Amino acid sequence: MTRRRIIGYAVRATLSVTVLAVLAWKVDFGEVAASAFNADPRWIVLGLALLAAGVGVRILSFMVLANHRGSFIGFRQATYLTLVGSAAALVLPAGTGDLFKAHIGGRSTSAPEHMTVASVVDKLTSLSAVSSMGVVGGLVAGEPLLAAVATAVAAISTLLVFVPRLIPWRLTVRLVTPGHEVSRSAVEDSMRIPPPTLALVLGISVLGWLVSYTMIYALCRSLAVPVSFGYVLAIAPLVTLSTLLPLSVAGIGISQLTLVAMLANGGISLELATQVALLQLGFSLLPPFVGLLLYLAIGSRPWDSEKRSRTAKPPSDSPSMRVAMLTTVYPRYEGDTVGSFVASTAENIAETGLPVSVWAPHAPGLPVVEPAGAVVVHRFRYLPESMERLVYSPRGIPDALRRNPASALLLPFLILGFMRA
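Everything in this summary refers to the structure shown in the same document. Please read these numbers as outputs of a predicted model, since none were measured by experiment. (Residues numbered from 1 in each chain as written. Predicted model: local features only at pLDDT ≥ 70, side-chain atom pairs only at ≥ 80, totals over all residues. Heavy atoms only, no water.)

With that settled, the discussion passes to the packing of aromatic side chains. Overall, the coordinates contain 4 aromatic pairs when judged by the stated rule. Ring centres 6.1 Å apart and planes at 85 degrees place the aromatic pair W43 and Y217 in the edge-to-face group. One end of the pair, W43, is in helix α3 (residues 41-66); the other, Y217, is in helix α10 (residues 195-222), with 174 residues separating them in the sequence. The rings of W43, Y217 and F229 are connected pair by pair, giving a single aromatic cluster. Here K101 stacks its cationic end above the ring of F62, 4.2 Å away from the centre of that ring. (Phe/Tyr/Trp six-rings, centres within 6.5 Å; stacked < 30°, edge-to-face > 60°. Helix = DSSP H or I, 4+ residues; strand = E, 2+ residues; numbered from the N terminus. Lys NZ or Arg CZ within 6 Å of the ring centre and 35° of its normal.)

This is the structure:
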C-alpha cells in the first residue's frame, strides 16, 4: 500500500511539474523579469495583506466550529492547525489536508472525535461556499457544464453540512486517528452544531473566498492585466474547484492551467495570463510553507493538559506562587558546566520551597521532561533531534554561529520553539 501511495504521489507530482514546465515554456523569461521589476508594489503589498486576511478568515471559521460547545481551542492553536493543514494538502490528495489537521488537533487535545468533526465540517462549509459561487461563475463565464458540476458539488456538500449524520463519523475518526477507540457519545455531542452556527460559518467561508479572489485581482492589477474585478470573481471559484481533481499535487499545475485558460477566454493574452498564474502560485504556496516550518518546529502538543495545568487552582496546602525560568541552556547531565549558573539559581529558589520549572532547548539524547533535584526541567523540541545542534556550545550560540555560519538557518526554528514554550 505504501509503495502504491508513493507511486501515486510521484505521478501527481510529475503532472504538476509537467504542466508548470509547459506554462513556463510559453513565457518569455525576459519579459517576465521585466514585468516583475515593473510590477506595481502597491498592488503586491495589497495582495500579501489580502492573503493574510484570507488565512485569518479560515482560522476564524475553524475556531467557530471547534468552539461551538464552549472554549476548546484558542487563536494560536487554530492558526497552527490551519497552516499545518494547508502544508499537508501538498502531500495528501484531493484537498484532504484537513484530515491531517484533525489528526494533529486530535492528538494535541486528546479529543479526536471533536477535532475530526470540526475539521470535516469546516472543509464541507468551505466547499459549499466556493461551489455555490462557482455556479454563478460558470454561468457568467459561459461554461454551463462547469456550472452544472458546481451545482452538484454545492448540493452534496451543503446537505452534508446540515445533515452530518450522513457522514460515517466512526470510520472517519478511525482513519484520522488509527488505534483510537471511538466514543459514540463524543461523536454525537460534537456533531450537534446549531444551524445558526453552520449558517454563520458558511457566511464566513464566502467572505474568505471573496478575500482570496480579491487577492487574485490585486495580482492582475500589479501586472497591469486588463481584467475586471467582476470577471475575476466569476472565474476564480472555477479555478478553486479544479483543485479537487486528484490529478496533481494539491491542484498545483491544474489550477494554474485553468486560470490561464479562463483569463485567455476573457481576452487576456497567453503571456499575461501565464504570468498571473505563476504569481498566484507563488502567493498560494506561502501559507503551506509557513505551516511546514511550524510543524517541523512544534509537531503535536498536549494543549488540553497544558491548559488544565495553567488554569487549575493549586491545592490549599501548595504554594500560591510558582517559578518558571526560560533559558537557552541548562546542564545536560550531572557535572555539565554549560548553564551551570542557571541551574544554581533555580536550585537556590527551589530551596525556599517554591516549585521551580525550567524550559530550555532540547538536545540529542536528552529526555523532554526530567526532574533535576527539586527542579523540573522541560526541554522543548525545535527541530528533528539530529538537527538540534545550535545550542549547548561551550561558548554559547554566538560561538556556534561563528564556527558554522549555516547554523543561522536554524535560528527561526529555535525562536518558534521559545514562543511555544
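Right, let's get into the packing of helix α12 (residues 254-265) against helix α13 (residues 270-284). Their axes nearest at 9 Å, the elements α12 and α13 cross at an angle of 145 degrees. You can see that α12 and α13 cross each other, and the crossing is right-handed. Every residue of α13 that contacts α12 at Q256, L259, V260 and L263 is listed here: L270, A273, T274, V276, A277, Q280 and L281. Among the residues forming the contact of α12 with α13, the class breakdown is 8 nonpolar, 3 polar and no charged. (Axes fitted to C-alpha atoms, helices over the stretch in contact; angles between N-to-C directions. Left-handed = near helix turned anticlockwise from the far one by under 90°. Contact = heavy atoms within 4.5 Å. Nonpolar A, V, L, I, M, F, W, Y, C, P; charged D, E, K, R; others polar.)

This paragraph deals with the pattern of salt bridges. Taken as a whole, this structure holds 8 salt bridges when the rule is applied. Residue E388 pairs with R381 through a salt bridge whose shortest N-O separation is 3.0 Å. A relative accessible area of 2% means that E388 is categorised as buried. For R381, a relative accessible area of 28% puts it in the partly exposed group. (Salt bridge = Lys/Arg side-chain N within 4 Å of Asp/Glu carboxyl O. Buried < 20%, exposed > 50% of the residue type's maximum accessible area, 1.4 Å probe, protein only.)

This next bit is on the environment of P164. As for its placement among the helices and strands, P164 is situated in the loop between α7 (144-162) and α8 (169-176). Taking relative accessible area as the criterion, P164 reaches 13% and is therefore assigned buried. Not counting the four nearest positions on each side in its chain, P164 is found in contact with W169 and M191.

This part covers the nonpolar core. In terms of nonpolar packing, the biggest core is built from 62 residues, with W169, Y330, V356, V375 and L414 touching the most fellow members. Per element, the largest residue contribution to this core is 8 residues, and it comes from α3. Those residues in contact with L414 that lie beyond four places of it in its chain are P361, F380, Y382, L390, V391 and I397. Core analysis: the next-biggest nonpolar cluster, separate from the first, contains 39 residues, L23, V227, I235 and L259 among them. (Core = buried A, V, L, I, M, F, W, Y, C linked by side-chain atoms within 4.5 Å.)

This part is about the packing of α3 against α10. Close contact between α3 and α10 brings their axes to 8 Å; oriented N to C, the two are set at 165 degrees. In terms of orientation, α3 lies roughly antiparallel with respect to α10. Handedness of the α3/α10 crossing: left-handed. The residue inventory of the contact of α3 with α10, partitioned by class, reads 20 nonpolar, 8 polar and 1 charged. (Parallel < 35°, antiparallel > 145°, perpendicular 65-115°, else oblique.)

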